[in-house]
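Structural description and commentary
Below are the chains, spelled out letter by letter.
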Amino acid sequence: MAISENARKYHEKMFPGYKSDFMRTDPEFIERFDNFAFDEVVNHDDMDDRTRFITILATLIGCQGKEEFKAILPAAMNFGVKPVEIKEIVYQAVAYMGIGRVFPFLRETNEVFEKQGIKLPLRSQATTTTENRLAAGEQAQVDIFGNGMKGFWESGPVESRHICYWLTDNCFGDYYTRKGLTYAERELITFCFLAAQGGVEPQLISHAKANMLNGNEKQFLINVISQNIPYIGYPRSLNALRCVNDAAVEMEDQDND
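For the structure given in this document, a descriptive report is provided here. (Residues numbered from 1 in each chain as written. Predicted model: local features only at pLDDT ≥ 70, side-chain atom pairs only at ≥ 80, totals over all residues. Heavy atoms only, no water.)

**Observations regarding the overall build of the chain**
Here is the rule we go by: Counting from the N terminus, the helices are the DSSP runs of H or I reaching at least four residues and the strands are the DSSP runs of E reaching at least two. Atoms counted for the radius of gyration: C-alpha only. Globule rule: 2.2 Å times residue count to the power 0.38. Accessible area is worked out with a 1.4 Å probe on protein chains only. A residue is then buried under 20% of its type maximum, exposed over 50%, and partly exposed in between. For this analysis, residues touch if any pair of their heavy atoms sits within 4.5 Å. For the area figures, the Shrake-Rupley method with a 1.4 Å probe applies, and any residue is considered shielded solely by the protein chains shown.
Helices and strands together make up the secondary structure of the chain, namely 14 helices and zero strands. Relative to the 2.2 N^0.38 estimate, which gives 18 Å for 257 residues, the radius of gyration of the chain is 19 Å and therefore close to what a compact globule would have. Counting only C-alpha atoms and orienting by the principal axes, one finds that the chain spans roughly 60 × 45 × 30 Å. Looking at the chain residue by residue over its 257 residues, the buried ones come to 47%. Expressed as a percentage of contacts within the chain between residues at least 6 apart in sequence, the contacts between residues at least 24 apart total 74%. Accessible surface, the chain: about 13100 Å² in total, of which carbon and sulfur atoms supply 53%.

Set out below in structure tokens:
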């Protein structure tokens, strides 16, 4: 097989000493996939490996790639993603995917951790209580999106206002306020959850803007999309690219007003 030296070395860093049985059963496919994913793609830009694997884990949750997620977890840790960071990715996914889709990933994470001798539960990362989570969640929204989010929790029609309240106290107050990941990293994984699941373009545009407001610039987001094409394919990647471009145009228009 003509697997490139770059692809072979990168795969060895991901999975030291592991030889996939697919090399026996599907050699032509593995040649093309490995050369693309582990040479052409990873060498396309200068994204560091830790960031790359944070986005891959979030993307795999978003597309419901449970088996690949389980396989990638040890590789992510080999490239510097900490157990606390992995848990924070899984926890925050619940706010964007729902427990019905995230539960299998939490279980797989725990199984991999315990197999590797990582003691559970990990150290607490919570910074809020039930009493202050609303105020802290509102501050997180303001810090990420800007002053326009002040009072968001009490906005909208009366019959649905509770959802805005929950978005502030639960999504942001319970998750974004936790330690373990920065705001920029939390917006990054949210972008990946949304891009990978598809069908949520309004939210993806909104969070693309939030990423850019928090230092994850347009080219960086394009690199994130590019690095995850092997995991979600081209249709959802192209949709995500369109959303990033739309978000950049909207931000430029706002700046010109």
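Further notes follow.
**A few points about the pattern of salt bridges**
For clarity, the cut-off: The working definition used for a salt bridge is a side-chain nitrogen of Lys or Arg within 4 Å of a carboxyl oxygen of Asp or Glu.
All chains considered together, the criterion is met by 14 salt bridges. In this structure, the salt-bridge partner of Lys9 is Glu5, at a minimum N-O distance of 4.0 Å. Of the two residues, Lys9 and Glu5 are both situated in helix α1 (residues 5-14); the distance of four residues between them amounts to about one turn of the helix. Connected via shared salt-bridge partners are Glu5, Arg8 and Lys9.

**Focus: the side chain of Thr51**
What counts is decided by this rule: Between N or O atoms, a polar contact is any pair within 3.5 Å; within protein, one atom must be a potential hydrogen donor and the other a potential acceptor, and residues adjacent in sequence are included only when both atoms are from side chains.
Assignment of secondary structure puts Thr51 in helix α4 (residues 49-62). Judged by relative accessible area, Thr51 falls into the buried class, the value being 12%. Engagement of the side chain of Thr51 in a polar contact is seen with the side chain of Asp48, the distance being 2.8 Å. The contact partners of Thr51, leaving out residues within four places of it in the chain, are Leu188 and Phe220.

**Overview of the packing of aromatic side chains**
What counts, and what does not: Classification of ring pairs rests on two measures: the distance between centres of Phe, Tyr or Trp rings, Trp counted by its six-membered ring, which must be within 6.5 Å, and the angle between planes, read as stacked under 30 degrees, edge-to-face over 60 and tilted in between.
Throughout the structure, instances matching the rule amount to eleven aromatic pairs. An angle of 20 degrees between the planes, with centres 6.4 Å apart, marks the rings of Tyr10 and Phe38 as stacked. A residue pair is termed long-range when its members are at least 10 positions apart, and Tyr10 in helix α1 and Phe38 in helix α3 (residues 27-41) qualify at 28 residues. Note on Phe33 and Phe38: the rings are 5.9 Å apart at their centroids and 85 degrees apart in plane angle, and the pair reads as edge-to-face. Accessibility expressed as a relative area gives 24% for Phe33, which makes it partly exposed.

**Quick word on the nonpolar core**
Applicable threshold: Here the nonpolar core consists of buried residues drawn from Ala, Val, Leu, Ile, Met, Phe, Trp, Tyr and Cys, with membership extended through side-chain atoms lying within 4.5 Å.
Core analysis: the largest hydrophobic core is formed by 63 residues, its most contacted members being Met14, Phe53, Ile61, Ile72, Ile89 and Phe193. Leaving out residues up to four positions away in the same chain, Met14 has contacts with Phe38, Phe53, Ile72, Ala75, Asn78 and Phe79.

**A closer look at α4**
Since one α-helical turn is 3.6 residues long, residues separated by three or four positions face the same way. Rule in force here: Expected span of a helix: the number of residues minus one, times 1.5 Å.
With 14 residues, α4 extends 20 Å from end C-alpha to end C-alpha; this agrees with the ideal 20 Å at 1.5 Å per step. Burial analysis of α4 places twelve of its 14 residues in the buried class, the great majority of the element. Residues of α4 that are buried include every one of Thr51, Arg52, Phe53, Ile54, Thr55, Ile56, Leu57, Ala58, Thr59, Leu60, Ile61 and Gly62, and no others. Measuring from the side-chain oxygen of the N-cap residue of α4 to the backbone nitrogen of Arg50 gives 3.3 Å; that N-cap residue is Asp48. Directly after α4, the chain includes Gln64, whose backbone phi takes a positive value near 65 degrees.

**Some remarks on the state of the cysteines**
Short version of the rule: Cysteine sulfur atoms that pair up within 2.5 Å are treated as a disulfide.
The full count for this structure, using the stated rule, is zero disulfides. As a non-bridged cysteine, Cys164 has Cys171 as the owner of its nearest cysteine sulfur, 12 Å distant.

**Looking at the environment of Glu154**
By the secondary structure assignment, Glu154 is in the loop between α8 (133-145) and α9 (161-176). A relative accessible area of 45% means that Glu154 is categorised as partly exposed. Along the backbone, Glu154 and Tyr165 are eleven residues apart, and their C-alpha atoms lie at a distance of 6.3 Å.

**Brief notes about the side chain of Lys87**
Which entries qualify depends on this criterion: Charge counting follows a simple rule: Lys and Arg are positive, Asp and Glu are negative, and His as well as the terminal groups are ignored.
Relative to the elements of secondary structure, Lys87 occurs in helix α6 (residues 83-97). One buried charged side chain, Lys87, makes no salt bridge at all; its nearest oppositely charged neighbour is Glu114, positioned 8.4 Å away. Setting aside residues up to four positions removed in sequence, Lys87 forms contacts with Leu106, Thr109, Asn110, Phe113, Leu120 and Leu122.

**Observations regarding the environment of Leu194**
With respect to the helices and strands, Leu194 occurs in helix α10 (residues 183-197). Note: C-alpha distance between Leu194 and Asp255 (61 residues apart in sequence) is 26 Å. Excluding residues that lie within four positions of it along the chain, Leu194 makes contacts with Tyr96, Val200, Gln203, Leu204 and His207.

**A few points about α6**
Between the first and last C-alpha of α6 there are 21 Å, a value that for 15 residues agrees with the 21 Å anticipated at 1.5 Å per step. Looking at α6, one finds that the buried residues are Glu85, Ile86, Lys87, Glu88, Ile89, Val90, Gln92, Ala93, Tyr96 and Met97. On its buried side, α6 packs onto α4, α5 (66-78), α7 (99-115), α9, α10 and α11 (201-213). Just beyond α6, the residue with positive phi is Gly98, at close to 85 degrees.

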